[in-house]
Amino acid sequence: MSSTGSEIAVKPQGTAQRTKTRELWRRLKKDKFAVAGGIVLLTVIILGIAAPLLTSYNPYDAVLDQRLLPPGTGGHLLGTDQMGRDLLTRLFYGARISVMVGFVAVAIALFFGIIVGLFAGYYGGLVDTIFMRGIDILMAFPYVLLAIAIIAALGPGLFQAMIAIAIVGIPYYARIVRGTVLSLREKEFVEAEKALGAGNLRIIFKHILPNTMAPIIVAATLDVGWMIIAAAGLSFLGLGAQPPTAEWGVMLSEGRNFLRVAPWVSIFPGLCIFIVVLSLNLLGDGLRDALDPRLKE
Amino acid sequence: MEQQPLLKVTNLKTHFFTDDGVVPAVDGVSFTVNVGETLAIVGESGSGKSVTSTSILRLVPSPPGRIIDGSIIFEDTDLLGKTEDEMQRIRGDRISMIFQEPMTSLNPVHRVGEQIAEAYRLHRGMDKHEAMQRAVRMLERVGIPSPEKRAGDFPHQLSGGMRQRVMIAIALSCRPALLIADEPTTALDVTIQAQILDLMRKLQEESRTSILLITHDLGVVAEMADRVIVMYAGKVVEEGDVAAIFKNPLHPYTRGLLGSIPRLDWRRRTILPSIEGVVPNPLEFPTGCRFNPRCPDAGAKCRESEPALKEMTGSQKVACWLMERGC
Amino acid sequence: MLSYLIKRLLYLIPVLFGVSVLVFGIMHLAPGDPAQVILGPKATAQSLAKLRAELGLDQPVYKQYLNWMANVLQGDWGRSIQMKREVLPLVAGRFLNTLVLTLFAALLAISVGLLAGIVSATRQYSVFDRVSMVGALVGFCLPVFWLGIILQFIFGLKLNMLPVSGMHSPGHSGFADMLPFIILPAIALSAEPAAVIARMTRSSILEVIRQDYIRTARAKGLSQGGTIWHHALKNALIPVVTVVGMQIGYLLAGAVLVEMVFSWPGIGTLMVNGIIARDFPLVQGIILLVSTSYVLVNLLVDILYTYLDPRITYD
Amino acid sequence: MMKKFFLVTCFILAAALLLAGCGGGGEQKSTADNSMIVVGLQAEPATLDPHQMQDYNSTRAGREIFNTLVEFKDESTELEPGLATSWDISEDGLEYVFHLRQGVKFHDGTPFNADAVKFSIDRQIDPKHPFHDTGTYPYADFTFGMVKSVDVVDEATVKITLKEKFAPFLANMAMPAACIVSPTAVEKYGKDFTKNPVGTGPYKFVSWNPGVEVIVEANPDYWGEKAKIQKIVYKPIIEDQARLTELESGNVDFIVNIPPDDLARLKADGNYAIVEQPGMHVWYTAMNCQKPPFNNVKVRQAVNYAINKESIVKNILKDTGVPAVGPLPPVIWSQTSDVPKYDYNPEKARQLLAEAGYPNGFDVTYWVPESGSGMQQPVAMATAIQSDLAKVGINVKIQTLEWTSYLDKVFVPADKSDMQMHQMSWIGDNGDPDNFLYILLSGEQWPEAGFNDAYYKNDKVDQLLKQARTLSKQEDRTPLYQEAQKLIMEDSPWVIVDHETQIVAMNKKIKGFKLHPTGVFRFEKASLE
Amino acid sequence: MSGALLEVKDVKKHFPIKRGLMSKNAGCIKAVDGVSFSVHKGETLGLVGESGCGKSTTGRLVLRLLEPTSGEVLFEDKNIYRLSFNQMRQLRRDMQIIFQDPYASLNPRLTVEDIIIEPLVIHGIGDSHSRRQRVKEMLDLVGLSSYHGSRYPHEFSGGQRQRIGIARALALNPKLIVCDEPVSALDVSIQSQVLNLLMQLQDMLKLTYIFIAHGLNVVKHVSDRVGVMYLGKIVEIADSEELYRNAMHPYSQALLSAVPVPDPEIKRERIILTGDVPSPANPPTGCRFHTRCPQCMDICRLEEPALRPVSDKYMVACHKYQ
């Protein structure tokens with residue numbers, strides 16, 4: 001099948017005007033799920049940023065005689081929580097924090113993962129051995145335990161949780177990048193650069209790094225969702241963001257104690273996490289398919 | 001030599017329906033393979049020669065590919081009318097196939113002996129033991145030294161040439177009437193290629209199997225085939241006996257193809273006659289003759305309507321307006 | 001193969017050494033004083049100082065590490081500060097329970113994931129395919145503790161079918177008695193890995209059936225189903241095994257959360273409490289044990305490769 | 001190949017079964033045991049060695065395996081004879097002679113005698129005792145810090161000599177640390193006595209499956225009234241909601257820590273017996289009396305007026321605590337309501353703030369633990385307080401900390417502390433007012449020496465509390481403590497919110513169960529219907 | 001032989017076989033095992049052989065893209081293995097390479113213009129305007145239009161990509177170009193276009209080529225002299241016409257006879273070699289070809305023949321001629 005594939009997959013040659021990015025965008029646009037995911041995600045981010053404009057309530061304003069009002073009562077569209085705070089307002093503000101946690105954690109993990117992976121993969125030998133043994137050690141910790149241990153050292157809190165799950169993510173990216181670099185390193189365009197007299201750093205950052213980005217962007221998109229869930233898990237253990245922070249994981253985990261008397265308090269944040277992670281996944285899947293159309297069809 | 005047709009392909013159209021549009025990979029191809037002969041299909045990448053061969057076995061990946069028209073008469077029945085079950089009984093038994101990449105065409109996780117034995121078990125209903133014995137004998141026939149030991153090897157333990165011998169063993173295990181060989185030697189070194197071609201010829205003589213040889217290498221065609229059809233952009237542009245075509249290529253594409261290969265007996269460092277331009281994008285085939293943008297002699301008519309395949313001298317057929325004018 | 005095994009086992013040593021240094025460092029750099037935890041908020045400064053000396057906490061950290069390491073190598077993993085028991089038997093017993101849960105969840109995840117993945121791949125774009133892939137997305141997106149609580153709510157309270165906490169009915173033990181207890185936590189724990197495995201299996205099979213040797217098998221006269229079963233599956237499982245190996249790591253980790261929700265007597269609660277209580281010997285012991293088993297699982301996965309993929313040899 | 005795949009699967013399954021088998025360890029028992037109850041605890045007991053106990057889960061599961069020389073009466077902190085039938089206190093209050101109950105045997109069959117008493121105390125306080133290293137004793141200092149020596153007078157008589165006069169000492173002898181353990185068992189098990197407890201109590205230890213359950217059964221040879229419930233299973237169920245579910249689905253008969261909102265529901269349901277008992281507990285927010293702005297008594301009073309304590313108790317705690325009028329819980333003798341009161345009055349608060357020179361309020365950092373023993377709902381309560389104080393212009397920044405780090409940060413000497421206000425709670429140990437007032441509010445008890453975490457100092461109060469320590473008679477001590485309470489409330493170093501009520505919910509088949517202020521469960525007096 | 005642009009003297013490259021974790025060398029692959037030849041200004045030396053014979057490794061050793069195990073390469077009488085990184089960088093202006101795989105040899109993230117400018121940037125030649133000018137010249141030279149510059153490699157066909165690769169190699173005005181199988185991956189009709197281009201450029205710019213390929217017909221067509229390699233060694237090196245007419249080494253003879261000729265009327269006596277090429281990790285003793293040689297003698301198994309001149313411009317390594 002692949003030989004027939006290669007015959008029909010003859011790219012529009014010479015006549016095509018599209019750049020790679022544009023082609024990617026074009027393919028992505030065709031994926032209804034990915035587009036839906038992207039729109040939802042964008043909406044959530046906008047809602048988070050525009051939170052103060054969208055609601056007149058203060059997310060931290062406890063009104064004790066208005067506790068646990070069911071959705072739609074007392075002027076609260078989604079009801080109130082155990083402190084009498086407007087749930088919708090807290091969800092809006094929570095969008096900022098939760099989504100930010102995911103993105104920032106992934107960004108930190110990416111940054112270090114890429115550096116480690118690039119150098120380990122490109123230089124090989126001793127550099128590789130040292131870097132990858134370190135990564136092995138990190139990988140020998142199951143991630144929750146590693147995160148917990150890090151938080152034990154840093155103390156609980158949103159920022160610390162972010163750092164912890166970011167560190168957990170480093171080995172993952174380092175491995176992806178290293179794997180990609182190992183195959184790129186053998187590519188003839190890298191050899192061509194050497195033949196032209198380019199230095200190692202130029203080759204690493206100008207020629208190899210951009211070519212590792214495609215698999216990484218896909219992995220990172222899928223991972224943002226994972227990180228949001230991981231952060232929520234730490235909140236559940238009381239090690240993540242601290243109350244009264246309007247973070248979805250905290251809200252979910254605090255709300256679990258009102259599951260019978262006021263299920264909405266935990267169901268809505270749970271739903272929010274679910275929707276965001278889902279849309280990130282749809283987007284990530286779409287990106288992957290768009291980057292590697294072979295897998296789709 | 002009697003001219004008894006074994007396979008008759010008529011107006012075969014296999015199109016691929018992709019996101020970007022319809023690719024007419026095979027677009028109205030007709031030809032006949034006679035019993036005991038070797039027909040070569042020659043063409044460059046994108047000409048549709050491989051799709052033609054997989055269409056015969058109805059192994060075109062679907063979606064996106066679909067045979068939308070034509071007939072494939074094999075041993076007097078139309079393969080396109082058969083059920084999938086019936087096709088499965090034909091594949092590997094009456095018609096079998098070998099592929100270009102011996103590296104990837106064998107399953108890396110099964111022993112080669114098992115892979116040959118599988119054909120016997122499927123089509124001859126043999127038990128495991130008997131099938132394996134036959135497989136070992138087959139390995140011996142294709143010239144693999146110490147076949148008993150080799151049968152227990154995995155594909156990666158064999159060299160490229162040996163792997164292609166195993167592929168041939170699989171294909172010929174059930175003594176097929178027709179062997180489709182899709183670029184069987186392209187991935188091999190010349191000395192190994194010579195071995196494999198030699199082997200194929202020997203086996204064909206023994207069993208009178210017809211061969212449909214797909215290749216881009218005119219040298220291989222000259223050595224192996226009785227007749228040849230030349231494909232370009234999903235169409236047959238020329239057909240005829242090997243001797244005739246090599247001596248007197250009628251289509252400008254065939255001429256260009258023959259001219260562009262440097263030959264050992266040519267004078268060194270001469271400028272090679274070549275075909276200008278590139279193979280057209282299958283989504284945007286030019287109107288008229290599909291070769292017209294690259295044809296040095298193309299006229300107005302060539303750009304307007306498509307020439308049909310017409311019989312010229314003797315067995316030779318060509319699809320070219322220039323020839324028609326000439327006649 | 002044997003020499004490879006020995007090499008891999010030897011390789012455990014530097015990794016575990018690194019792990020031990022890391023965990024020891026993290027624990028001892030963390031603020032918080034185990035003596036304070038033991039003696040509680042009502043402790044006086046003198047008694048705190050006395051206890052610190054008894055626990056050896058007044059020594060320099062590197063000395064503490066060396067002492068601890070020397071003892072660990074002699075099989076003495078110390079005594080839990082909080083639980084008062086010897087760490088090794090305590091952690092080993094609890095870890096066994098975690099392993100039982102993890103294995104069950106792994107089994108569930110692997111069988112459900114593989115089955116869904118295989119059927120989805122063979123019937124691409126069928127109703128089953130779409131439903132199971134949406135299901136897989138859902139499984140991936142639900143936080144495990146949240147799923148656990150919902151399961152408790154439905155099966156424990158509303159339907160009153162299954163117990164929602166613990167591992168055995170009072171005073172009982174044995175496998176049969178454990179079954180009803182393990183069902184809900186195992187389901188909660190397996191949801192995510194099952195989803196990942198299903199998706200991976202599906203795409204891996206779809207990838208494999210594009211390979212040349214599948215075309216060879218078809219040309220030989222094998223049916224679509226026969227091809228997948230005899231030729232595609234084993235090849236497709238190779239990347240799946242990697243994912244399964246990684247998922248077992250995630251299972252071990254996810255178990256911490258599930259154990260909290262279902263009060264499963266594994267290392268999860270022990271670990272979280274241990275960290276909160278600065279129970280150094282306990283936490284160090286847990287991480288050492290879990291990391292060892294995690295590395296061993298990876299070794300197992302690598303060995304499984306040789307069985308699945310004859311191209312890999314470790315000699 | 002599929003065959004092999006299934007073989008692998010089977011292998012994994014078999015391994016799982018094998019592990020499961022090992023995991024259990026123990027013989028099958030019948031479920032249909034009518035004389036058994038299952039108690040859902042918050043967490044697993046840390047130890048069953050009473051001398052090492054410091055958390056509720058341990059005392060609840062293990063306390064009844066043991067007896068003390070003196071015991072608290074039901075539902076009160078008054079004392080009655082236990083393993084000692086009577087006792088004499090010398091005139092100077094330094095010598096306590098206990099006359100021991102005769103014919104009592106430990107669960108391992110060894111006799112209870114004066115040696116066992118000496119062993120039980122010396123083990124904890126004498127570093128040279130051969131069995132001192134069989135544990136760490138968090139309450140040894142607190143309970144026996146004033147003990148000079150323990151002497152065996154004869155087989156049935158023990159004399160304890162104190163270093164100085166200490167009125168609450170007798171109450172200390174009812175605390176878990178004063179439980180009498182079997183010396184033979186400690187010698188036998190050493191450090192593992194923690195999981196092999198042997199005492200004289202109404203229940204004897206059967207088994208402890210770590211993380212799963214602790215089982216005790218009625219002691220047939222008990223010296224007192226024998227327990228009617230034959231077997232008790234203590235099971236840790238960590239999640240509050242799971243514990244509730246288990247009660248409601250009938251898997252568990254008795255649970256603790258019912259979330260306030262669910263308690264209302266259970267009460268309305270009517271299918272469960274709910275038992276409440278005001279505990280020896282106080283929840284407060286301490287203000288740093290040594291540093292501005294809280295070194296000004298008017299500011300402290302203003303804060304007290306500004307916070308709606310009633311609302312917190314009603315809405316956040318859902319009445320699982322009783323609103324406090326002073327530092328002493330009502331179950332402690334000498335508690336009085338005749339003290340200055342601070343009802344919710346933001347107007348007055350603003351006025352006081354203005355008088356103190358803060359007409360526009362001020363900014364303050366408020367330390368809050370995320371959880372902690374006796375802290376009830378620290379974050380929710382802090383949030384409510386933050387919200388209330390904002391209304392009078394005090395801008396509160398909440399800083400949450402994990403409990404261990406929190407304690408580290410709170411209990412530092414005054415000159416090293418940058419504390420402004422923080423939460424704390426106290427659970428009484430022996431039911432003596434001294435255990436609250438002196439320890440928490442005496443000027444001699446500033447950290448690190450003690451627990452006066454507000455750095456409160458009032459010479460008059462100090463003098464009253466010190467004097468009360470040295471008097472033996474309750475009726476002499478009471479007026480001193482009542483006077484001190486008035487002065488303290490006038491100075492208001494704390495915002496005192498409530499005294500937590502202990503609440504348990506149980507299956508209605510359990511009859512006659514009474515909660516004790518110390519939080520220990522006394523199942524030996526209960527029965528099954 | 002002075003006056004040669006390039007002289008390769010007994011260059012060897014052994015790749016260690018890594019095994020296990022301890023990276024202990026468990027033998028090595030002798031990819032190139034003592035190769036010597038020289039190339040004169042303006043000529044084309046062809047290197048031909050089957051896969052695994054070491055011809056591509058030789059090409060990379062000549063450019064010092066690989067560090068040799070031993071031996072020396074003199075470029076204009078300078079031993080390039082003795083040069084520092086910076087000196088080598090300077091020298092790289094004079095020696096360039098064209099690759100086999102037109103898909104892997106161009107960075108897919110750069111536009112064609114960026115790709116061709118790259119060498120100028122690396123060596124700091126010209127300003128942005130003059131560089132742009134140079135790109136236009138280069139595109140023109142290889143038969144592409146300047147509007148192609150703003151596109152990405154994937155928008156081009158294999159032949160066009162190969163032209164881009166050639167333009168990049170020419171941008172620095174090199175003296176020597178190693179052509180590593182430049183047409184093997186191309187369709188037949190495109191092959192000839194690229195071969196024609198290479199020959200035209202050589203005449204126009206006075207280039208010197210080392211032309212590596214496995215297709216004997218192609219090598220013979222473009223080369224002045226041809227070296228035949230087998231298992232890391234040169235077995236025969238001669239004027240290309242001479243070699244074709246009168247190959248001396250049995251391997252060369254077999255190779256020549258194995259090439260299918262696209263003329264059904266020519267019937268030749270074929271020499272079909274038995275067996276496969278032995279592993280370069282464990283080459284046969286004696287003459288490396290003896291295991292497959294149809295004319296093998298006793299001495300061949302024992303003693304390795306040296307590459308010796310048999311006539312003025314003809315060298316062969318075979319016991320038959322010694």
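Residues numbered from 1 in each chain as written. Chains lettered and ligands numbered in written order. Predicted model: local features only at pLDDT ≥ 70, side-chain atom pairs only at ≥ 80, totals over all residues. Heavy atoms only, no water.

1. Focus on the overall build of chain E
We count it as follows: Numbered from the N terminus, helices here are DSSP runs of H or I no shorter than four residues, and strands are runs of E no shorter than two. With C-alpha atoms as the basis for the radius of gyration, the globule rule is written as 2.2 Å multiplied by the number of residues raised to the power 0.38. Partly exposed describes any residue whose relative accessible area lies between the buried limit of under 20% and the exposed limit of over 50%, with all areas from a 1.4 Å probe on protein chains only and scaled to the type maximum. Accessibility throughout is a Shrake-Rupley quantity obtained with a 1.4 Å probe, and a residue counts as covered only by protein chains that appear here. The charged-residue count follows a simple rule in which Lys and Arg add positive charge and Asp and Glu add negative charge, with His and chain termini not counted at all. To locate a charge, take atom NZ for lysine, CZ for arginine, CG for aspartate or CD for glutamate.
Looking only at helices and strands, one finds 10 helices and 12 strands in chain E. The C-alpha atoms of chain E give 21 Å as radius of gyration, which agrees with the globular expectation for 322 residues (20 Å, within 12%). Oriented by its inertia axes, the alpha-carbon framework of chain E measures out at about 65 × 55 × 45 Å. Across the 322 residues of chain E, 60% fall into the buried class. Carbon and sulfur atoms provide 49% of the accessible area of chain E, an area that totals close to 12700 Å². For chain E, the distance from the average site of its 40 positive side-chain charges to the average site of its 35 negative ones is 5 Å.

2. Here we look at the sheet that holds strand 4 (residues 84-89) of chain D
All names here are of chain D. Rules: One bridge is not enough; two strands pair if DSSP finds at least two bridges between them. In this analysis, axes come from line fits to C-alpha atoms, helices being fitted only over the stretch in contact, and the angle between any two N-to-C directions falls in the range 0 to 180 degrees. Contact criterion: two residues are considered in contact whenever any of their non-hydrogen atoms come within 4.5 Å of each other.
Reading across the sheet, the 4 strands line up as 4-5-7-6 and stay open at both edges, with antiparallel pairing between neighbours. The outermost strands of the open sheet, each flanked by one partner alone, are strand 4 and strand 6 (147-154). Mean inter-strand twist for the sheet, computed between neighbouring axes without regard to direction, equals 20°. Here strand 5 (residues 95-100) pairs with strand 7 (residues 157-162) via 5 bridges, running antiparallel. Residue pairing for strand 7: Glu95 is matched across the bridge by Thr161. In the packing of helix 3 (residues 114-125) onto the sheet, contacts are made with strand 5, strand 6 and strand 7, and the angle to strand 6 comes to roughly 160°.

3. Overview of the side chain of Asp224(E)
Our working rule: Pairs of N or O atoms are called polar contacts if they sit within 3.5 Å, as long as, within protein, a hydrogen donor faces a hydrogen acceptor (for residues adjacent in sequence, only side-chain-to-side-chain pairs).
The residue Asp224(E) is located in the loop between helix 7 (216-222) and strand 9 (225-230) in this model. There is a polar contact of 2.6 Å between the side chain of Asp224(E) and the backbone nitrogen of Thr44(E). The residues contacting Asp224(E), other than those within four sequence positions of it, are Arg268(B), Arg269(B), Gly42(E), Glu43(E), Thr44(E), Asp239(E) and Ser240(E).

4. Some words on a negative patch on the surface
Residue and element names in this part refer to chain D. Our working rule: Patch members must show over 30% relative accessible area and no salt bridge, and they are joined within 9 Å when carrying like charges or within 5 Å when they are nonpolar side chains of Val, Leu, Ile, Met, Phe, Trp or Tyr. Any Lys or Arg side-chain nitrogen located within 4 Å of an Asp or Glu carboxyl oxygen qualifies as a salt bridge.
Negative charge collects at one region of the surface, where Glu91, Asp92, Glu95 and Asp151 lie side by side. Tracing the backbone shows Glu95 in strand 5. For Glu95, a relative accessible area of 31% puts it in the partly exposed group.

5. Some points on the confidence of the model for chain A
Residues and elements named next belong to chain A. Applied cut-off: How sure the predictor is of each residue is captured by pLDDT, a score from 0 to 100.
Within chain A, residue pLDDT values average 81, and 91% of them lie at 70 or more. Mean pLDDT across the elements of chain A ranges from a minimum in helix 1 (residues 2-8), with 31, to a maximum in helix 5 (residues 87-123), with 91. Across residues 1-18, where pLDDT falls below 50, the model places 47 contacts with residues more than four positions away in sequence or in other chains.

6. Thoughts on a nonpolar patch on the surface
Residues and elements named next belong to chain A. The grouping of Tyr123, Leu126, Val127, Ile130, Phe131, Leu201 and Phe205 at the surface amounts to a nonpolar patch, some 650 Å² of accessible area in total. The leading source of residues in the nonpolar patch is helix 6 (residues 125-139), at 4 residues. Secondary-structure assignment places Ile130 in helix 6.

7. Some remarks on the arrangement of the chains
Contacts between protein chains span 8 pairs of chains, and they are most numerous for chains C and D. Considering only C-alpha positions, the minimal separation of the non-contacting chain B and chain D is 10 Å. Taking C-alpha atoms as the reference, chain D and chain E come no closer than 27 Å and do not contact one another.

8. Let's talk about the confidence of the model for chain E
Averaged over all residues, the pLDDT of chain E is 88; the fraction at 70 or higher stands at 96%. Scored by ipTM, the complex comes to 0.80, with pTM at 0.82.

9. Side note on the environment of Glu217(D)
Residue and element names in this part refer to chain D. For Glu217, the location among the structural elements is in strand 9 (residues 213-218). Taking the relative accessible area as the measure of exposure, Glu217 reaches 30% and is therefore partly exposed. In the structure, Glu217 is positioned 216 residues away from Pro433 in sequence and 35 Å away in space, judged by C-alpha atoms. Filtering out sequence-adjacent residues up to four positions away, Glu217 remains in contact with Pro202, Tyr203, Lys204, Val206, Gln230 and Lys231.

10. Concerning the pairing of strand 8 (residues 208-213) of chain E
Residue and element names in this part refer to chain E. Stated precisely, the cut-off is as follows: With its strands directed away from the observer, a crossover is right-handed exactly when the path from the first strand over the helix to the second travels clockwise.
Here strand 8 lies mainly inside the structure; 6 of its 6 residues are buried. Examined bridge by bridge, strand 3 (residues 44-48) and strand 8 share 5 bridges and lie parallel to one another. Note that in strand 8 the partner of Leu45 across the bridge is Ile210. Read as a crossover between parallel neighbours, the route from strand 7 (residues 176-180) over helix 6 (residues 188-205) to strand 8 is right-handed.

11. Some thoughts on the sheet that holds strand 6 (residues 95-98) of chain E
Residue and element names in this part refer to chain E. The strand order across the open sheet built from 8 strands is 6-7-8-3-9-10-12-11, with neighbouring strands paired in mixed fashion. For this open sheet the edge positions go to strand 6 and strand 11 (308-311), each flanked by a neighbour on one side alone. Averaged over all adjacent pairs, the angle separating strand axes in this sheet is 20°, with direction ignored. One ladder, built from 3 bridges, connects strand 11 with strand 12 (residues 314-316); its direction is antiparallel. The partner of Arg308 across the bridge, within strand 12, is Val316. Together, strand 9 and strand 10 (233-239) form the strand contacts of helix 9 (residues 250-258), whose direction differs from that of strand 9 by roughly 105°.

12. Quick notes on the packing of aromatic side chains
To keep it simple, the criterion reads: Two aromatic rings, drawn from Phe, Tyr or Trp (for Trp, its six-membered ring), form a pair once their centres lie within 6.5 Å of each other, and the interplanar angle then sorts them: stacked below 30 degrees, edge-to-face above 60, tilted otherwise. As a reminder, the over-ring test applies to NZ of lysine and CZ of arginine, requiring each to be within 6 Å of the ring centre and within 35 degrees of the ring normal.
Within this structure, the stated rule accounts for 37 aromatic pairs over all chains. With centroids separated by 6.3 Å and ring planes inclined at 75°, the aromatic side chains of Phe106(D) and Phe112(D) adopt a geometry described as edge-to-face. Considered together, Phe106(D) and Phe112(D) belong to a single accessibility category, that of buried residues. Taken together, Tyr234(D), Phe254(D), Phe513(D), Phe521(D) and Phe523(D) form an aromatic cluster joined through their ring pairs. Between the NZ or CZ atom of Lys234(C) and the centre of the ring of Tyr307(C), over which it lies, the distance is 5.2 Å. Between Arg469(D) and the ring centre of Tyr438(D), over which it is positioned, the NZ or CZ distance is 3.9 Å.

13. A closer look at the pattern of salt bridges
Within this structure, the stated rule accounts for 73 salt bridges over all chains. With a closest N to O distance of 3.2 Å, Arg124(B) and Asp93(B) form a salt bridge. Of this pair, Arg124(B) sits in helix 4 (residues 112-124) while Asp93(B) sits in the loop between helix 2 (84-90) and strand 6 (95-98); the two residues are 31 residues apart in sequence, bridging distant segments of the chain. The class for Arg124(B) is partly exposed, based on a relative accessible area of 37%. With a shortest N-O distance of 3.3 Å, Arg301(E) and Asp298(E) are connected by a salt bridge. In this pair, Arg301(E) and Asp298(E) both sit in helix 10 (residues 298-302), 3 residues apart, roughly one turn of the helix. Take Asp298(E): its relative accessible area is 60%, and that puts it in the exposed class. Where salt bridges share partners, they join Arg260(A), Glu248(D), Asp262(D) and Arg265(D) into one cluster.

14. Notes on the nonpolar core
Here is the rule we go by: We call a set of buried Ala, Val, Leu, Ile, Met, Phe, Trp, Tyr and Cys residues a nonpolar core when their side-chain atoms join them within 4.5 Å.
Formed by 347 residues in total, the largest nonpolar core has its most connected members in Ile160(D), Phe513(D) and Phe523(D). Examining the composition of this core, we find that 17 residues originate from one element, helix 10 (residues 200-236) of chain A, more than from any other. Among the nonpolar cores identified, the runner-up in size contains 106 residues, and Ile90(B), Ala171(B), Leu197(B) and Cys320(B) belong to it.

15. Concerning the state of the cysteines
Each disulfide consists of a covalent bond between the sulfur atoms of two cysteine residues. Put simply, the rule is: Note on terminology: pairs of cysteine sulfur atoms within 2.5 Å are recorded as disulfides.
Enumeration according to the criterion identifies 0 disulfides over all chains in this entry. As a non-bridged cysteine, Cys289(B) has Cys302(B) as the owner of its nearest cysteine sulfur, 6.0 Å distant. For Cys289(B), a relative accessible area of 11% corresponds to the buried category. With no disulfide partner, Cys141(C) has as its closest neighbouring cysteine sulfur the one in Cys272(A), 13 Å distant.

16. Comments concerning the packing of helix 5 (residues 87-122) of chain C against helix 10 (residues 224-262) of chain C
Residue and element names in this part refer to chain C. Note the following rule: A clockwise turn of the near helix away from the far one marks a right-handed crossing, whereas an anticlockwise turn of less than a right angle marks a left-handed crossing. Throughout this entry, Asp, Glu, Lys and Arg are counted as charged residues, while Ala, Val, Leu, Ile, Met, Phe, Trp, Tyr, Cys and Pro are counted as nonpolar. The remaining residues, Gly among them, count as polar.
Orientation of helix 5 relative to helix 10, taken along the N-to-C sense of each, is 145°, at an axis distance of 8 Å. The handedness of the crossing between helix 5 and helix 10 is right-handed. Residues Phe95, Thr98, Leu101, Thr102, Ala105, Ala106, Ile110, Leu114, Ile118 and Thr122 of helix 5 form the contact with helix 10, whose participating residues are Ile228, Leu233, Leu237, Val240, Val244, Ile248, Leu251, Leu252, Ala255, Val258 and Glu259. Among the residues forming the contact of helix 5 with helix 10, the class breakdown is 17 nonpolar, 3 polar and 1 charged.

17. Describing unusual backbone geometry
Cis geometry marks the peptide bond from Pro292(D) to Pro293(D), where omega comes out at 0°. Mapped onto the secondary structure, Pro293(D) falls in the loop between strand 13 (281-287) and helix 9 (297-306). Not every positive phi belongs to a glycine, and Ser334(D) is a case in point at roughly 80°. Here Ser334(D) shows up in the loop between strand 14 (321-323) and helix 11 (346-355). A positive phi angle, close to 50°, is found at Glu181(E), a residue other than glycine. Structurally, Glu181(E) is set in the loop between strand 7 and helix 6.

18. A look at the packing of helix 10 of chain A against helix 10 of chain C
Where we set the bar: By definition in this entry, angles of less than 35 degrees are roughly parallel, angles greater than 145 are roughly antiparallel, angles of 65 to 115 are roughly perpendicular, and the rest are oblique.
Remark: helix 10 of chain A packs on helix 10 of chain C, axes separated minimally by 11 Å, with the N-to-C direction vectors making an angle of 40°. One element, helix 10 of chain A, and the other, helix 10 of chain C, form an angle in the oblique class. Crossing angle aside, the handedness with which helix 10 of chain A passes helix 10 of chain C is left-handed. Between helix 10 of chain A and helix 10 of chain C, the residues in contact are Trp226(A), Gly233(A) and Phe236(A) and Tyr250(C), Leu257(C), Met260(C) and Val261(C), respectively. A per-class count over the contact of helix 10 of chain A with helix 10 of chain C returns 6 nonpolar, 1 polar and no charged.

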